[in-house]
Amino acid sequence: MSVSRNERRPRSELKRVLVVDDEADIRELIDLTLLRMGLTAVCAGSVAEARAALASHDFQLCLTDMRLPDGDGLDIVRHIGEAYAHLPVAVITAYGSAENAVAALKAGAFDYLAKPIGLEQLRNLVQAALRLPGTEEAVGTAEQEGPELLGASPAMQQVRAMIEKLARSQAPVYISGESGSGKEVAARLIHARSARSAGPFVPVNCGAIPENLMESEFFGYRKGAFTGADSDRDGFFQAAHGGTLFLDEVADLPLSMQVKLLRAIQEKKVRKVGQVSEEPVDLRILCATHRNLRECVESGKFRQDLYYRLNVIELRMPPLRERSEDIEALAGRILKRLAGPEHPLLSAQALVGLMAYAFPGNVRELENILERATALCAEGVILPEDLQLEAFAAPGGAVAADAMNWSAPVRQAPLAERLRAIESALLRHVMSEAADNAEQAAETLHVSVESLQARLARNA
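Predicted model only: the values in this text are computed from it and were never measured.

A.B. asks: Tell me what's going on with helix H5 (residues 119–130), and back it up with residues and numbers.
C.D. replies: In this model H5 runs 17 Å from its N-terminal to its C-terminal C-alpha over 12 residues, within 8% of the 16 Å that 1.5 Å per residue would give. Along H5, the positions that sit buried rather than exposed are Gln121, Leu122, Asn124, Leu125, Val126, Ala128, Ala129 and Leu130. Buried-residue contacts for H5 involve helix H1 (24–36), strand S4 (61–65), strand S7 (89–93), strand S8 (111–114) and helix H10 (255–267).

A.B. asks: An account of the sheet that holds strand S15 (residues 313–316) is requested, with residue identities and associated values reported.
C.D. replies: Sheet architecture is open: 5 strands sit in the order S10-S11-S14-S9-S15, paired in parallel fashion. Because the sheet does not close on itself, it has two edges, and the strands there are strand S10 (201–205) and S15. In this sheet, neighbouring strand axes are inclined to one another by 20 degrees on average, regardless of whether the strands run parallel or antiparallel. Contacts from helix H6 (residues 154–166) reach strand S9 (173–176), strand S14 (284–289) and S15, with the element oriented near 150 degrees to S15.

A.B. asks: Now, about the packing of helix H2 (residues 47–56) against helix H3 (residues 73–83): what can you tell me, with residues and values included?
C.D. replies: Viewed as axis vectors pointing N to C, H2 and H3 meet at an angle of 20 degrees, and their least axial separation amounts to 10 Å. When the axes of H2 and H3 are compared, the pair comes out roughly parallel. Along this stretch, H2 crosses H3, giving a crossing that reads as right-handed. Where H2 abuts H3, its residues Val47, Ala50, Arg51 and Leu54 lie against Ile76, His79 and Ile80. Here the residues of the contact of H2 with H3 are counted per class, giving 5 nonpolar, 1 polar and 1 charged.

A.B. asks: Describe in detail the pattern of salt bridges, supporting the description with residues and values.
C.D. replies: By the definition in use, this model includes 20 salt bridges. The salt bridge involving Lys268 is made with Asp111; its shortest N-O contact spans 3.2 Å. Linking Lys268 in the loop between H10 and strand S12 (269–270) with Asp111 in strand S8, this pair joins segments that are 157 residues apart in sequence. Of the charged contacts in the structure, one is a salt bridge between Arg316 and Glu322, with a shortest N-O distance of 3.2 Å. Looking at Arg316, the relative accessible area reads 45%, which means it is partly exposed. The structure contains a network of salt bridges with shared partners spanning Asp21, Glu23, Asp65 and Lys115.

A.B. asks: Lay out the pairing of strand S11 (residues 244–248) in plain terms, naming residues and giving numbers.
C.D. replies: In terms of burial, S11 is largely enclosed, as 5 of its 5 residues are buried. Neither face of S11 is exposed, since Thr244, Phe246 and Asp248 on one face and Leu245 and Leu247 on the opposite face are all buried. Bridge count between S10 and S11: 5 bridges; the pairing is parallel. Each residue of the ladder has a partner; that of Pro203, found in S11, is Phe246. Here S11 runs beside S14; their pairing, made up of 5 bridges, is parallel. Looking at S14, one finds that Leu245 is bridged to Ile285.

A.B. asks: Describe the packing of aromatic side chains, naming the residues involved and giving the relevant values.
C.D. replies: According to the stated counting rule, one finds 8 aromatic pairs in the structure shown. Ring plane angle 85 degrees and centroid distance 5.5 Å describe the contact between Phe218 and Phe236, whose orientation is recorded as edge-to-face. With a gap of 18 residues between them, Phe218 in helix H8 (residues 214–219) and Phe236 in helix H9 (residues 236–239) connect regions that are remote in the sequence. Assigned by exposure class, Phe218 and Phe236 land together as buried. Centroid distance Phe219 to Phe237: 5.3 Å. Interplanar angle 50 degrees. Geometry classified as tilted. Of the two residues, Phe219 is situated in helix H8 and Phe237 in helix H9; the sequence distance between them amounts to 18 residues. Both residues of the pair, Phe219 and Phe237, belong to the buried class. Ring-pair connections join several aromatic residues into one group, and the members of that group are Phe218, Phe219, Phe236 and Phe237. Note that Lys268 overlies the ring of Tyr112, its terminal NZ or CZ placed 4.2 Å from the centroid.

The rules behind each value
- The residue count restarts for each chain, going from 1 along the sequence in the order it is written.
- Only residues with pLDDT of 70 or above have their local features reported here, since the model is predicted, and side-chain atom pairs are shown and tallied only from 80 upward, although totals for entire chains, interfaces and linings are computed over all residues.
- With hydrogens and water excluded, all non-hydrogen atoms of the structure serve as input to the side-chain values.
- To qualify as a helix, a DSSP run of H or I must reach at least 4 residues; to qualify as a strand, a run of E must reach at least 2; elements of each kind are numbered from the N terminus.
- What a helix is expected to span follows from its residue count: subtract one and scale by 1.5 Å.
- Three exposure classes are used, based on accessible area relative to the maximum for each residue type with a 1.4 Å probe and protein chains only: buried under 20%, partly exposed in between, and exposed over 50%.
- Contact definition: two residues touch when any of their heavy atoms are within 4.5 Å.
- Pairing between strands is defined by DSSP: at least two bridges between the two strands are required.
- The axes are straight lines fitted to the C-alpha atoms, using for helices just the contacting stretch, and the angles between their N-to-C directions are given from 0 to 180°.
- Should an angle lie under 35 degrees it is considered roughly parallel, over 145 roughly antiparallel, and from 65 to 115 roughly perpendicular; all remaining angles are considered oblique.
- Rotating anticlockwise by less than a right angle from the far helix to the near helix defines a left-handed crossing, while the corresponding clockwise rotation defines a right-handed one.
- Charged means Asp, Glu, Lys or Arg here, nonpolar means Ala, Val, Leu, Ile, Met, Phe, Trp, Tyr, Cys or Pro, and polar covers whatever is left, Gly included.
- The term salt bridge refers to a side-chain nitrogen of Lys or Arg lying within 4 Å of a carboxyl oxygen of Asp or Glu.
- Stacked, edge-to-face and tilted are the three classes for Phe, Tyr and Trp ring pairs, Trp counted by its six-membered ring, which pair at centre distances within 6.5 Å; planes under 30 degrees apart are stacked, over 60 edge-to-face, the rest tilted.
- Charge-over-ring placement is defined geometrically: NZ (Lys) or CZ (Arg) within 6 Å of the ring centre, and within 35 degrees of the ring normal.

Take a look at the structure:
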């Protein structure tokens, strides 16, 4: 194992990067580049040497080749994930080896570089890694105002934990979920908590762009490239340079554009319409759609190779009906935003009605319902009739309605206890109707079997 000349500086001044590659010229190239950035490279030529270096020094980043004499880069990625969870690791892959890059990202790699190594891309990757939460460069930037996902339900706690993990990676993320479930909010949170938070967040609705304009909108164009192109213009990729590009409703992309998008993602380069040469772009891709992307692949409407590049990691946003315990907090925040501190209050009956409703439009529909109710309510209290929905016609709604006529001790109990009692009665009623068939009951309630079983256990 060789240590660069920068290792002679005092330990307190050093920011170390572990470079693992069996080719001496690659190690030297990276070493010199890091030296000019004020960093120290500790170089290793094998998995064994890399493990020894990790045990001997503290590092801010690891760069490893995929092919090594005694193993491969994935061995190092997994070892770091198990023993040094907060250390970002990037892999160096052979040119055009998309499968290796995807495998590394799925294993937990922060990012990847393709050979031949572009020095600008290398510098961008290193700077992004050093801006991750927990590094010196990131101090003071962790707490920032931005979007938030409300709710204390197990489903939302899992989503928030996943977002924190995804924020420490550069891997493409596919955010799945129904319309109105908060996919763009999740994308903004991933960006806001990532090393790219200082860069732009560029959301694009893929279904809103005419097919004949897609290439120029995504990649930009040169002056004179077509009629009306009277000046050079950047596209979405250039606008998101240094930040995050969010492709909403990505399933609506035509196949011709999917091919061009795949190349841009793999090569991290784009070519403007009317331009001969490509230019590198430094950005992260997040995408979302309310459609089932795998079904789109199976039906031939979405390219399989692009699907695997975009769906390196999937984040599922749960529908509101699977986390009805969050409705009270969501409604309070929405009402405050709509009407300020003196906003109207939900009556207990109105809250029960909302919790019994299936919400096919999810949080977006809840916002619309409450906006209407705010305009219709009197004396600062929202009643069930102000909601204008068939809440008690929802599955088990009669149980919820009867619950409001229970004995005095129940009626006098705190709201949270009354809601738990309503949920317990609703679950018993639906399970009885389904002859204790969990799958049938889950389908009736429009929730997953796992969510139903968790609720049953909580109310046992």
